[in-house]
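Given next are the chains, with one letter for each unit.
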Amino acid sequence: MIVAIDGPSGTGKSSTSRAVAAKLGLSYLDTGAQYRAVTWWMLRNGVDVNDPLAVADCAGKPVIVSGTDPAAPAISVDGEDVTGPIRTQEVTAAVSAVSAVPEVRTRMVEVQRAAAAAAGAGIVVEGRDIGTTVFPRATVKIFLTASAEARAARRSGELGGTQSVAVTQAALAKRDAADSGRTTSPLAKADDAIEVDTTDLTLEQVVERVVNLVEEKRTAL
Ligand SMILES: Nc1ncnc2c1ncn2[C@@H]1O[C@H](COP(=O)(O)OP(=O)(O)O)[C@@H](O)[C@H]1O
Ligand SMILES: Nc1ccn([C@H]2C[C@H](O)[C@@H](COP(=O)(O)OP(=O)(O)O)O2)c(=O)n1
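Analysis parameters
Residues numbered from 1 in each chain as written. Chains lettered and ligands numbered in written order. Predicted model: local features only at pLDDT ≥ 70, side-chain atom pairs only at ≥ 80, totals over all residues. Heavy atoms only, no water. Near = heavy atom within 4 Å. Polar contact = N/O pair within 3.5 Å; in protein donor to acceptor, adjacent residues only side chain to side chain. Areas by Shrake-Rupley, 256 points an atom, 1.4 Å probe, with all protein chains shown as cover. Helix = DSSP H or I, 4+ residues; strand = E, 2+ residues; numbered from the N terminus. Nonpolar A, V, L, I, M, F, W, Y, C, P; charged D, E, K, R; others polar. UniProt positions renumbered as here; feature names shortened; annotations may be inferred. Contact = heavy atoms within 4.5 Å. Buried < 20%, exposed > 50% of the residue type's maximum accessible area, 1.4 Å probe, protein only. Axes fitted to C-alpha atoms, helices over the stretch in contact; angles between N-to-C directions. Parallel < 35°, antiparallel > 145°, perpendicular 65-115°, else oblique. Left-handed = near helix turned anticlockwise from the far one by under 90°. Salt bridge = Lys/Arg side-chain N within 4 Å of Asp/Glu carboxyl O.

Peer 1: Could you clarify how one ought to interpret the site of ligand 2 in this entry?
Peer 2: Around ligand 2 lies a shell of 20 residues, among which Ser9, Arg36, Arg105, Arg175 and Asp179 are the nearest. Between ligand 2 and the protein, one listed contact pairs an oxygen atom with a side-chain N or O atom of Arg105 at 2.8 Å. Interatomic distance of 3.1 Å between a backbone N/O atom of Arg128 and a nitrogen atom of ligand 2. Taking 530 Å² as the accessible area of ligand 2 by itself, protein coverage stands at 98%. Within the residue set of the shell around ligand 2, elements represented by two or more residues are helix 2 (31–44), helix 4 (89–99) and helix 8 (165–181). Per-element accounting of the shell around ligand 2 gives the leading share, 4 residues, to helix 2. When the residues that make up the shell around ligand 2 are grouped by side-chain class, the tally is 3 nonpolar, 7 polar and 10 charged.

Below is the structure:
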């Protein structure tokens with residue numbers, strides 16, 4: 001059982017995926033955290049993140065290990081826990097450039113498929129290209145959306161008011177454009193994904209909808 005949850009930033013992928021995995025007794029994988037971890041490694045090692053050749057050259061170096069427990073998702077690079085450090089604005093600003101490099105993606109997709117193969121009951125995997133590229137035969141594919149205003153308000157809330165909603169909205173738009181516009185495996189809705197607009201739904205409502213969709217599919221299998 002593979003549940004693929006894709007969508008742009010701030011649509012509720014992480015919160016929804018964790019809650020759905022916990023409710024259904026499935027594993028959970030945050031692929032965005034993996035791209036952030038590679039980006040953190042590049043910055044730490046002085047690699048020019050805007051030079052795709054330099055990034056490609058060392059794409060195979062960082063060893064990324066992701067926990068798959070929805071109650072405590074953790075991620076390490078070369079044995080160092082980077083769960084906190086991968087959320088800095090510096091990493092957020094650089095992650096789209098790093099994740100556009102094909103060599104980085106090839107490496108991460110291997111890690112993602114291995115995590116799914118190791119998950120006993122099944123796994124909820126969230127990202128940008130899970131339904132299109134990583135698991136094109138996923139059991140259920142969900143594509144979350146929300147208005148630009150709602151997404152910026154949510155993210156800005158998370159940053160504790162340290163950044164205005166307008167600045168956050170501009171940064172999200174820039175990242176979405178880069179993620180949707182890249183050549184390799186861009187952010188996209190799979191043809192057979194079910195779109196859920198979360199703008200006017202509470203998190204609980206979104207979780208309930210996704211759990212129902214997964215259970216309908218399970219019954220039909
Ligand atoms: N339906 C919703 N309504 C209101 N806030 C939400 C909803 N879904 C998620 N959030 C909040 O929005 C923020 C971003 O959610 P997150 O799950 O990290 O999104 P994503 O993984 O798509 O970037 C979090 O603070 C989360 O609690
Ligand atoms: N499957 C994925 C997941 C994320 N990415 C890239 C593109 C995103 O801007 C970054 C960070 O993803 P993440 O899900 O952590 O982003 P947000 O939580 O929405 O801020 O990683 C990707 O290219 N492919």
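Peer 1: Just checking my understanding: could you explain the UniProt feature "binding site: ATP" (unreviewed entry) in the chain for this structure?
Peer 2: Per the UniProt entry, the sites bearing "binding site: ATP" (unreviewed entry) are Gly7, Pro8, Ser9, Gly10, Thr11, Gly12, Lys13, Ser14 and Ser15 in this numbering. When sequence neighbours within four positions are dropped, the list of residues in contact with Gly7 reads Lys13, Gly127, Arg128, Phe143, Leu144 and Leu187. Within the secondary structure, Gly12 is located in the loop between strand 1 (2–6) and helix 1 (13–24). Under the relative-accessibility criterion, Gly12 is labelled buried at 18%. When sequence neighbours within four positions are dropped, the list of residues in contact with Gly12 reads Leu144 and Arg154.

Peer 1: Would you take a moment to explain the site of ligand 1 for this structure?
Peer 2: Around ligand 1 sit 16 residues in total, of which Gly10, Lys13, Ser15, Arg155 and Leu201 are the nearest. In this structure, Gly12 approaches ligand 1 through a main-chain N or O atom, which is 3.0 Å from an oxygen atom. Taking Ser14, its main chain carries an N or O atom lying 2.9 Å from an oxygen atom of ligand 1. For ligand 1, whose free accessible area comes to 560 Å², the fraction covered by protein is 78%. Of all elements in the fold, only helix 1, helix 7 (148–158) and helix 9 (203–220) reach the threshold of two or more residues within the shell around ligand 1. For the shell around ligand 1, a count of residues per class yields 4 nonpolar, 8 polar and 4 charged.

Peer 1: Explain the packing of helix 2 against helix 5 (residues 102–118) here, please?
Peer 2: Following both chains from N to C, one finds helix 2 and helix 5 inclined at 135 degrees, their axes separated by 11 Å at the closest point. Of the possible angle classes, the one that applies to helix 2 and helix 5 is oblique. The interaxial crossing formed by helix 2 with helix 5 has right-handed handedness. The residues of helix 5 that touch helix 2, namely those facing Thr31, Gln34, Tyr35 and Val38, are Val104, Arg105, Met108, Val111 and Gln112. Counted by class, the contact of helix 2 with helix 5 contains 5 nonpolar, 3 polar and 1 charged residues.

Peer 1: What exactly am I supposed to notice about the pattern of salt bridges here?
Peer 2: Two side chains bearing opposite charge may form a pair once their charged atoms approach each other closely. The tally for this structure, following the rule as stated, stands at 8 salt bridges. Across the salt bridge formed by Asp176 and Arg151, the nearest N and O atoms sit 2.8 Å from each other. You can see Asp176 sitting in helix 8 and its partner Arg151 sitting in helix 7, a full 25 residues away along the chain. Judged by its relative accessible area of 11%, Asp176 is buried. Measuring nitrogen to oxygen at the nearest pair gives 2.3 Å for the salt bridge that ties Arg155 to Glu158. Of this pair, Arg155 and Glu158 are both found in helix 7, 3 residues apart, which corresponds to roughly one turn of the helix.

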